[in-house]
Amino acid sequence: MHYSKLKDFPQNFLWGASTSAYQVEGAIDEDGKSPSIIDMYEHPSDVADFSVASDHYHRYKEDIALFAEMGLKAYRFSIAWTRILPNGTGKVNEKGIEFYNNVIDECLKYNIEPVVTMYHFDLPYCLEEKGGWLNRDTIEAFVEYAKVLFIHYGSKVKYWLTINEQNTMILHPGAIGLPKVGKLPSKKDLYQQNHHMMLAQAKVMKLFHNMVPEGKIGPALNLTAMYPATCNPNDAIAAHNWEVLRCWNFVDVCAFGKYHPLAWSYLKDRNIAPEIQDGDFETLKGANPDFIAMNYYSTATIAASKGDASDVTARAGDQQIMLGEQGVYRPSENPYVEKTQYGWVVDPVGFRYTLRKVYERYQLPILITENGIGANDTLEPDGCIHDQYRIDFIQKHLHQMRLAITDGVKMLGYCPWLGYCPWAAIDVVSTHQGYKKRYGFIYVDRDEFDLKELKRYKKDSFYWYKQVIEENGKNI
């Protein structure tokens, strides 16, 4: 649809940027922190691990001052469960409480809204040894952890995210690393883990609404629209299959308190449905998320299943990979989109399309919590980093967001505004590519194994985003 005039970004638009604890903090064994599953995964030997990362743990004041200079209105970060409750439950680690209090206070000093992710892939390893999310006891452990966070930070933090990319953890468990034994869970076990996460999330949201009645809480999922490869009706059915299984079922359980009927039929048919205990479905009802947090990187194109093993053919790459599933869908190529050097589809128009679908389906405000491009940035001799590709990527996506706002998509809060927190505020350790693949507006001068001085440099995108914020996106 073409418009004679686009709506402006609202005056209270929440311009921000994101990180996660394990990718930015470092200090993995300091001040009482215990190992998480991320710390214990089999890590590729040829890329940086997370032990130092960007050293944000020791440099948060410097980093947040740079965020303020850039003009950020929000900083989305995650809290490491293992810093707060090193044993998963029980005794609270005061050093961990103090650290995040300091981070939050530093943000508020600069009028930067802290947006807290409670769980970003990093389950305490001590709980993993007891079965992890396959063990129902982890549900209550997460609720206990959440209660500690709400007690200590609920008066300071308005916006909370429960679990980051639950759909990625369940559908592509290898995307965040391999367990020490090197064997991934079965599909049956993965969907049982998923069910337990859903129960934990519902309980935490209900607890939050009681403990932090002025705050807002929502899930953070990796959502994307699916295109049928052709106008063949069977391609459309296959695209809908995968869109439901990859996206809508995960949001439906949170937003509606019940599994999507197509997803439940799929789970039952393949004997991978989770075991349901008395009261589970009642627990899922009434979580009432205040918004949907959405990580968007690319779209996918889907062809009809051929019903045999040839359906399983990889398309795209890295965390955005599609493998296909026999009898469900077959990944296809899209000649109308570009790709990054890592094989990710670049589709700004698909961003608008996904926003429209998410809002149409759930009628909940949307907060963008991740959107960005990873690249091999180069630090020039004069200290400059020319990342025009990042500027182009974000500019195009922001333009499509503005079109979505004009389309009538409502955003975060019960007022017509939206937050945009691209990935990432500062360079972080990529889960797979270490420090070769960078995302931030701020360059951290280190190599895979040579930490140098970890000096911070402002990229060209830093200055560009600063201007976008100053103008409130009026020239997007």
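Refer to the preceding data block for the structure.
Residues numbered from 1 in each chain as written. Predicted model: local features only at pLDDT ≥ 70, side-chain atom pairs only at ≥ 80, totals over all residues. Heavy atoms only, no water.

## Quick look at the overall build of the chain
Right, on to step 1. Across its full length, the chain holds 15 helices and 15 strands.
Right, on to step 2. The C-alpha radius of gyration computed for the chain amounts to 21 Å, which stays within 12% of the reference 23 Å derived for 476 residues, consistent with globular compactness.
Right, on to step 3. Reported as C-alpha extents along the three principal axes, the dimensions of the chain are approximately 55 × 55 × 45 Å.
Right, on to step 4. Out of the 476 residues belonging to the chain, those deemed buried represent 61%.
Right, on to step 5. Taking the intrachain contacts of the chain between residues at least 6 apart in sequence as the baseline, contacts between residues at least 24 apart amount to 76%.
Right, on to step 6. When the accessible surface of the chain is split by element, carbon and sulfur atoms take 50% of a total near 18500 Å².
Right, on to step 7. The averaged location of the 60 negative side-chain charges in the chain is 5 Å from the averaged location of its 51 positive side-chain charges. (Helix = DSSP H or I, 4+ residues; strand = E, 2+ residues; numbered from the N terminus. Rg over C-alpha atoms; globule rule 2.2 N^0.38 Å. Buried < 20%, exposed > 50% of the residue type's maximum accessible area, 1.4 Å probe, protein only. Contact = heavy atoms within 4.5 Å. Areas by Shrake-Rupley, 256 points an atom, 1.4 Å probe, with all protein chains shown as cover. Lys, Arg positive; Asp, Glu negative; His and termini not counted. Charge placed at Lys NZ, Arg CZ, Asp CG, Glu CD.)

## Observations concerning helix α3 (residues 56-70)
Right, on to step 1. Here α3 spans only 17 Å end to end across 15 residues, well under the 21 Å set by a 1.5 Å rise per residue.
Right, on to step 2. Of all the bends found along α3, the most pronounced is centred on E62 and spans about 40°.
Right, on to step 3. Following α3 by one or two positions, G71 adopts a phi angle in the positive range, close to 95°. (Expected span 1.5 Å × (residues − 1). Bend = angle between axes of the 7 residues up to and from the residue.)

## Examining the sheet that holds strand β6 (residues 226-228)
Right, on to step 1. Ordered in space as β6-β8-β9, the 3 strands form an open sheet in which the pairing is mixed. A single partner strand is all that each edge strand has here, and the edge strands are β6 and β9 (330-332). Neighbour-to-neighbour, the strand axes of this sheet turn through a mean angle of 45°, independent of strand direction.
Right, on to step 2. Looking at chain direction, strand β8 (residues 300-303) and β9 are connected through 3 bridges and run antiparallel. Bridge assignment links A303 to a residue of β9, and that residue is R330.
Right, on to step 3. Sheet contacts for helix α10 (residues 233-256): β6 and β8; angle to β6, the most-contacted strand, approximately 165°. (Pairing = 2+ DSSP bridges. Axes fitted to C-alpha atoms, helices over the stretch in contact; angles between N-to-C directions.)

## Considerations on unusual backbone geometry
Right, on to step 1. Put simply, W423 and A424 share a cis peptide bond, and its omega is 15°.
Right, on to step 2. Here A424 is to be found in the loop between β13 (419-420) and β14 (442-444).
Right, on to step 3. Of note, N271 is a non-glycine position whose phi angle comes to about 60°, a positive value.
Right, on to step 4. Along the chain, N271 turns up in the loop between α11 (261-269) and α12 (280-284).
Right, on to step 5. The exposure class of N271 is exposed, given its relative accessible area of 63%.
Right, on to step 6. Of note in this structure, Q363 is not a glycine but carries a positive phi near 50°.
Right, on to step 7. Considering the arrangement of structural elements, one finds Q363 in the loop between α13 (348-362) and β12 (366-370).

## Looking at the pairing of β12
Right, on to step 1. Among the 5 residues in β12, 5 count as buried, and that is most of the element.
Right, on to step 2. In this sheet, β12 lies alongside strand β7 (residues 292-295) in parallel orientation, the contact comprising 4 bridges. Counterpart to I292 in the pairing with β12 is I366.
Right, on to step 3. Sheet topology places β12 next to β13; 2 bridges connect them, and they run parallel. Bridging from a neighbouring strand, I368 pairs with Y420 of β13.

## What about the sheet that holds strand β1 (residues 14-18)?
Right, on to step 1. Taken in spatial order, the 8 strands line up as β1-β2-β3-β4-β5-β7-β12-β13 and close into a barrel, and their pairing is parallel.
Right, on to step 2. In this structure, strand β2 (residues 74-78) lies alongside strand β3 (residues 113-119), joined through 5 bridges in parallel fashion. Each bridged residue has a counterpart across the sheet, and for A74 the counterpart in β3 is E113.
Right, on to step 3. In the packing of helix α7 (residues 137-153) onto the sheet, the strands contacted are β3, β4 (159-164) and β5 (216-222), and the crossing angle to β3 comes to about 165°.

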